[in-house]
Amino acid sequence: MFFSEITWYLLEDKKMDKIFNIMSKNFKGKNKFFIHNLAFYKDGIQQYGNDYFTNLDEFIEYCPFELLEKVQVDLKDGIETSAIFKI
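Residues numbered from 1 in each chain as written. Predicted model: local features only at pLDDT ≥ 70, side-chain atom pairs only at ≥ 80, totals over all residues. Heavy atoms only, no water.

We now examine the overall build of the protein chain. Along the backbone of the protein chain there are 2 helices and 4 strands. Overall, the protein chain shows an N-to-C arrangement of helices and strands of β-α-β-α-β-β. Scaling as 2.2 N^0.38, a compact globule of 87 residues should have a C-alpha radius of gyration of about 12 Å, and the protein chain matches this with 13 Å. Expressed along its principal axes, the backbone C-alpha trace of the protein chain runs to roughly 40 × 30 × 20 Å. For the protein chain, the residues scored as buried account for 31% of the 87 residues in total. Carbon and sulfur atoms make up 52% of the accessible area of the protein chain, which totals about 5,800 Å². Computing the positive centroid from 11 side-chain charges and the negative centroid from 14, the protein chain places the two 11 Å apart. (Helix = DSSP H or I, 4+ residues; strand = E, 2+ residues; numbered from the N terminus. Rg over C-alpha atoms; globule rule 2.2 N^0.38 Å. Buried < 20%, exposed > 50% of the residue type's maximum accessible area, 1.4 Å probe, protein only. Areas by Shrake-Rupley, 256 points an atom, 1.4 Å probe, with all protein chains shown as cover. Lys, Arg positive; Asp, Glu negative; His and termini not counted. Charge placed at Lys NZ, Arg CZ, Asp CG, Glu CD.)

As a further point, take the environment of L56. Relative to the assigned elements, L56 resides in helix α2 (residues 56–62). In this structure, L56 is in contact with F40, K70, V71, Q72, T81, S82 and A83, ignoring residues within four places of it in sequence. (Contact = heavy atoms within 4.5 Å.)

Reading across from one edge, β1-β2-β4-β3 is the order of the 4 strands in this open sheet, with mixed pairing throughout. Looking at the sheet topology across the chains shown, the edges are occupied by β1 (2–4) and β3 (66–74). Going from strand to strand, the sheet's axes swing by 15° on average, the running direction of each strand aside. (Pairing = 2+ DSSP bridges. Axes fitted to C-alpha atoms, helices over the stretch in contact; angles between N-to-C directions.)

What follows is about a nonpolar patch on the surface. On the surface, a cluster of nonpolar side chains totalling about 400 Å² of accessible area is made up of F2, F33, I35, L68 and I84. Secondary-structure assignment places L68 in strand β3. We classify L68 as partly exposed; its relative accessible area is 39%. (Patch = residues over 30% accessible without salt bridge, like charges linked within 9 Å, V, L, I, M, F, W, Y side chains within 5 Å. Salt bridge = Lys/Arg side-chain N within 4 Å of Asp/Glu carboxyl O.)

Note that every value here comes from positions in space, so none of it alone points to a role or purpose.
This is the structure:
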C-alpha cells in the first residue's frame, strides 16, 4: 500500500483506523508493506489532525505496523516525511 498526502483526509470518522484494520486483515503475514508520505507544517501553521499526530514520530506511534525505516526533510515551512512499515 502506498499513501502520499492523503492521510489528513482519512482521519475523519476514524476512516484511517478502518483502513488499518482492513490492511491488517488482508495483508498481514504476506510480506506486504505500507509506504507513507506526509507533510507536517511548522510554527503552529498545521491545524488539521493535531488531535491524532503532529509529527512523524507521533504518526509512527499511531500506526499499528512495524516500522522498517523513516526519513524526514526539514524545509522552510514544513517537514516532508516518508516511512515504510511491514504490515
